[in-house]
Amino acid sequence: MTVPPDPAEQGSPASGSPPHVVSDPSAALSLRGLWKRFDDKIAVAGIDLDVPAGSFFGLVGPNGAGKTTTLSMATGLLRPDFGTAHVLGTDLWAHPDEAKARLGILPDGVRLFDRLTGAQLLTYAGLLRGLDRVTVAERVDELLAAMDLTRDRDTVVVDYSAGMTKKIALASAMIHAPRILVLDEPFEAVDPVSAANIRDILHAYVAGGGTVVVSSHVMDLVQRMCSHVAIIAGGHVLDAGTVEAVRGEQTLEDRFVDLVGGRRETEGLAWLRTSSDSS
Amino acid sequence: MVAHLVRLKLRLLANTLRRSAWQTIGLCVAVLYGLTVVGFLVAMAVVGGRSDPVLTGQVLTVAGAAVVLAWWVVPLFAFGVDATLDPLRFVTFAIPRRRLLAGLAAASAVSVPAAVTLLAALGTAFAWSSDPPALVAAAVGGLAVLALCILGSRAVTSVFAPLLESRRYREVLTVVAIVPLLLIGPAIGWWSGVAEKSVDETGVTVTMTGPGNAVAASVVAAADVVAWTPFGAPWAFAGAVHEGEWGLLAARVVVVAVTLGVLWRVWDRALARALVSPRRAAAGGRVRGLGWFSRLPATPTGAVAARCATYWVRDPRYATSLAMVPLLPIALAMVGVSSGVGAGLLLVVPPLAAFILGFGVSNDIGYDNTAFALHVATGVPGRADRWGRVLPVLVLGVPLVVALSVAAVVAADRWDALPALLGLSFGVLGAALGTSSVVSARMVYPVPRPGESALKTPQGAALATMVAQSAAFGVVLVLTLPTIVLALRGILGPSATTGGVAVVVGLLTAAVALVVGVRWGARVYERRQPELLAQVAAFR
């Protein structure tokens, strides 16, 4: 078991990683020198990142870049080997209760308590957050309506479709009106109409002073939706800033491919191109 | 195609072994265990065959028929037993159905259970070593047995596949399946008791002493019938040859051949249907309103309690242990009657039920699986989490234990034993719950995942589970030792005063174990939340 390192002694565990500055207390989310190793694979190798308060922040990267690991460490789900995460100036790993109360989290790839109905699951999340019964009941109704799940409120979540499951998980991340929403792949499997509705909700939330962090594979979506973006690959931040600053003259997708690399000239698979039915 | 699929099966087997050392050890243990059982059976058969090949053949017929039947039926209950080569995975490959079928059949023979069955069938053929033609017939029968087992299990599972795809049906089935499992031991004891009596009454002249021979006597009668069923016929080839009854042999061969043909057709048809009809989602389960969530206090503790109460009923993994409780008295009553101990054995039921309930939450976070992330994300206080998990069991357990104790005392006609029994049961309930609260925050071990059969043991988990459970069991035993000693003296003494003391000590044990256990568990839990989540996430 690792003990969360004291912010004072956050030394760099390997030479060559960028020099640490003190975390930014004005930022919604401020990560410094986060490291995580699973067995023999280093998933996150010294990530420094500031998510400005009131931003709509996109986190993009290829598969296995360390997005989920980073977000897990930034939200209290996974203890980092080294480094700190500050939520609105509060050290998450030193004062988890205080920090977690300000965070709404949609983790990727975890189960839900899926033997509960949709309404029960939302109620559960609300009550765990310490809300009172009346508030919970009101918000459950509104969230179900916003997610277009009112008809399925009494259906057991295990029988939901993938998109519905994503939406109910998203709703339970919002029920306590957090200051920051951290959403890992929130639009995966969600139908276009619901996705548009969710984007509206998130934009309104940001306009009202909230901060949203989303991870995504879809560059186009991030370019249109987000105000800020960070590109990470191989457990490092390659570039971060406002979307305009990061992409420059290019589209975000081109900039991403330039940074990450890995595009190859299509020479192979010649047999696939022939439409002949000879073989 | 046959060679392809067999090679695929071997490759899959090898890859599972590469994944973890524990699985390799698990497989070695399984193989060793299987070989020991087979060796023992073969030795028994050979020894039996020397003294009386006919009787041995008949015993083999009945026992063998049970094996074939098990091959057909068990996959229905423990669904997902061997889905490594699920036919539906080949849908996109445009393989002619005939060839796919042959390939799947051959690949199914490449598995530990199949190997063990074949070895046992061929090995026990040596019971006929004194009669070479019969020996050959038995060996041929052994091959037919394997074919019957594999085709039968495949045909039955693919016929019932549409049903098995329904979550509701699967869940009911796994809960129902524990009934025969729990009653099988007592039932055998009871049956041998009955058989012994009937042998006594009819005055069979065979010299038989003890219940074991009585079983043999009833087996002889059963063998004649079973030999005509598809399950027993291949085992009875040798018997017919030994007697020189060629007509009988031909008839049995026909039974086997027809059965194999029918099974092949059934499997073929079912597969043809399955390959063109994609899996469909069953109608969703619906529950009106908020259930326990609107009845329990609107606090984190109340919410956790409401969630757990809902799960005890709705999740088959919990419901199975709940369903054990009413079955215990039945099983123990059967043992009590057949062994002659009588209804006094029922006094064991209340503390046993208390233990099952209290121990049921000892791996609660393992059962949550990664859904536990919600607790970590919301930062549920340790006390709320621990009490929330304990309270539903307590609220259900206390009246249940009282009711069971009163019922047991009435049945055994031992009203004097009631105080001691209550003290013991409460002590066990409290100690088990308190221990569970600490253990479930400290050790998590793999269990069937949400939605899997409650009877399925995750691969490679057996050893870890055993260590964790026996450690927890030892703690509960030590905690309740004073109560146990006092209660036993109160009941067996019998001594009313000791029984009275047992109540006080039992309640005290329960209260202290609960409070200390929950507090300690809460502290451990708060310290280890992310680590617990990482552990359950690794189960996938």
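Keep in mind that what you see is a predicted model, and the values were worked out from it rather than measured.

Kindly report on the overall build of chain A, identifying the contributing residues and their values.
Along chain A, the regular secondary structure elements total ten helices and ten strands. For chain A, the residues scored as buried account for 51% of the 279 residues in total. Of the contacts formed within chain A by residues at least 6 apart in sequence, a portion of 63% connects residues at least 24 apart. For chain A, the exposed area adds up to about 12700 Å²; of that, 52% sits on carbon and sulfur atoms.

Tell me about the pairing of strand β9 (residues 228-233) of chain A, and please be specific about residues and values.
Residues in a regular strand point their side chains to alternate faces of the sheet. Residue and element names in this part refer to chain A. Extensive coverage of β9 is indicated by the burial of six of its six residues. When β9 meets strand β10 (residues 236-242), the two strands line up antiparallel, connected through six bridges. Note on β10: the bridge partner recorded for Val229 is Gly241. Counting the residues in the hairpin turn of β9 and β10 gives two residues, including Gly234, whose phi is positive at 60°.

Report on the pairing of strand β8 (residues 211-216) of chain A, specifying residues and quantitative values.
All names here are of chain A. Among the six residues in β8, six count as buried, and that is most of the element. When strand β3 (residues 56-60) meets β8, the two strands line up parallel, connected through five bridges. Pairing of Gly58 across the sheet is with Val214, part of β8. As judged from the five bridges shared by strand β7 (residues 180-184) and β8, these two strands associate in the parallel manner. Among the inter-strand pairings, Ile180 is bridged to a residue of β8, identified as Thr211. As for the winding sense of the linkage, the β-α-β connection from β7 through helix α6 (residues 192-207) to β8 is right-handed.

So what's going on with the sheet that holds strand β2 (residues 41-51) of chain A? Residues and values would help.
Residue and element names in this part refer to chain A. Across the sheet, which stays open at both edges, the four strands sit in the order β2-β1-β4-β5 with antiparallel pairing between neighbours. Two strands bound the open sheet, and with one partner strand each, they are β2 and β5 (90-91). Relative to β5, strand β4 (residues 82-87) runs antiparallel, the two sharing two bridges. What sits directly across from His86, in β5, is Asp91. In this fold helix α1 (residues 67-75) packs onto β1 (29-38), β2 and β4, with an angle of close to 120° to the strand it touches most, β1.

Could you give an account of the interface of chain A and chain B, with specific residues and numbers?
Chain A puts 35 residues into the contact, and the matching count from chain B is 49 residues. Carbon and sulfur atoms make up 57% of the surface buried where chain A meets chain B, a total of about 3800 Å² over both sides. It is Arg111, Phe113 and Arg115 of chain A in chain A that bury the most area against chain B; as a group they hold 23% of the surface buried on that side. Where chain A touches chain B, the interface holds one salt bridge. Note that Glu531 of chain B and Arg79 of chain A form a salt bridge whose closest N and O atoms lie 2.6 Å from each other. At the junction of chain A with chain B, the criterion picks out 14 residue pairs in polar contact (both at pLDDT 80 or more). Listed by contribution, the elements that provide at least two residues to the side of chain A that touches chain B are α2 (96-101) and α3 (118-128) of chain A. The biggest single contributor to the side of chain A that touches chain B is α3 of chain A, with seven residues. Considered class by class, the residues forming the side of chain A that touches chain B number 17 nonpolar, seven polar and eleven charged.

Report on α6 of chain A, specifying residues and quantitative values.
All names here are of chain A. Counted at 1.5 Å a residue, the expected span for α6 with its 16 residues is 22 Å, and the 22 Å between its end C-alpha atoms agrees. Taken as a whole, α6 has its buried residues at Ser194, Ala195, Ile198, Leu202 and Val206. Here the buried residues of α6 occupy an arc of 115° about the axis, which is enough to place them on one side. Opposite the buried face of α6, at more than 90 degrees from it, the exposed residues are Val193, Asp200, Ala204 and Ala207. The secondary structure elements touched by the buried residues of α6 are β3, α5 (162-174), β7 and β8. The N-capping residue of α6, defined by a side-chain oxygen 3.1 Å from the backbone nitrogen of Val193, is Asp191. With its phi angle positive at about 105°, Gly209 sits one or two positions after the end of α6.

How would you explain the packing of aromatic side chains if you had to name every residue and give the values?
Residue and element names in this part refer to chain B. Enumeration according to the criterion identifies eleven aromatic pairs over all chains in this entry. Judged by centre distance (6.2 Å) and plane angle (85°), the ring pair of Trp264 and Trp267 falls under edge-to-face. You can see Trp264 and its partner Trp267 sitting in helix α10 (residues 246-276), three residues apart, about one turn around the helix. Residue class for Trp264 comes out partly exposed when judged on its relative accessible area of 26%. Taking the relative accessible area as the measure of exposure, Trp267 reaches 1% and is therefore buried.

Tell me what's going on with the side chain of Thr117 of chain A, and back it up with residues and numbers.
Structurally, the position occupied by Thr117 of chain A is in the loop between β6 (103-106) and α3. When its relative accessible area of 0% is taken as the criterion, Thr117 of chain A is described as buried. Among the polar contacts made by the side chain of Thr117 of chain A, one reaches the main-chain carbonyl oxygen of Arg153 of chain A at a distance of 3.5 Å. With sequence-adjacent residues up to four places away left out, Thr117 of chain A is seen in contact with Arg153, Asp154, Thr155, Val156 and Val157 of chain A together with Val287, Gly289 and Arg314 of chain B.

Scoring rules and cut-offs
Residues numbered from 1 in each chain as written. Chains lettered and ligands numbered in written order. Predicted model: local features only at pLDDT ≥ 70, side-chain atom pairs only at ≥ 80, totals over all residues. Heavy atoms only, no water. Helix = DSSP H or I, 4+ residues; strand = E, 2+ residues; numbered from the N terminus. Buried < 20%, exposed > 50% of the residue type's maximum accessible area, 1.4 Å probe, protein only. Contact = heavy atoms within 4.5 Å. Areas by Shrake-Rupley, 256 points an atom, 1.4 Å probe, with all protein chains shown as cover. Pairing = 2+ DSSP bridges. Right-handed = clockwise from strand over helix to strand, strands pointing away. Axes fitted to C-alpha atoms, helices over the stretch in contact; angles between N-to-C directions. Buried area = accessible area lost by both parts, 1.4 Å probe. Salt bridge = Lys/Arg side-chain N within 4 Å of Asp/Glu carboxyl O. Polar contact = N/O pair within 3.5 Å; in protein donor to acceptor, adjacent residues only side chain to side chain. Nonpolar A, V, L, I, M, F, W, Y, C, P; charged D, E, K, R; others polar. Expected span 1.5 Å × (residues − 1). Arc of directions from axis to C-beta. Phe/Tyr/Trp six-rings, centres within 6.5 Å; stacked < 30°, edge-to-face > 60°.

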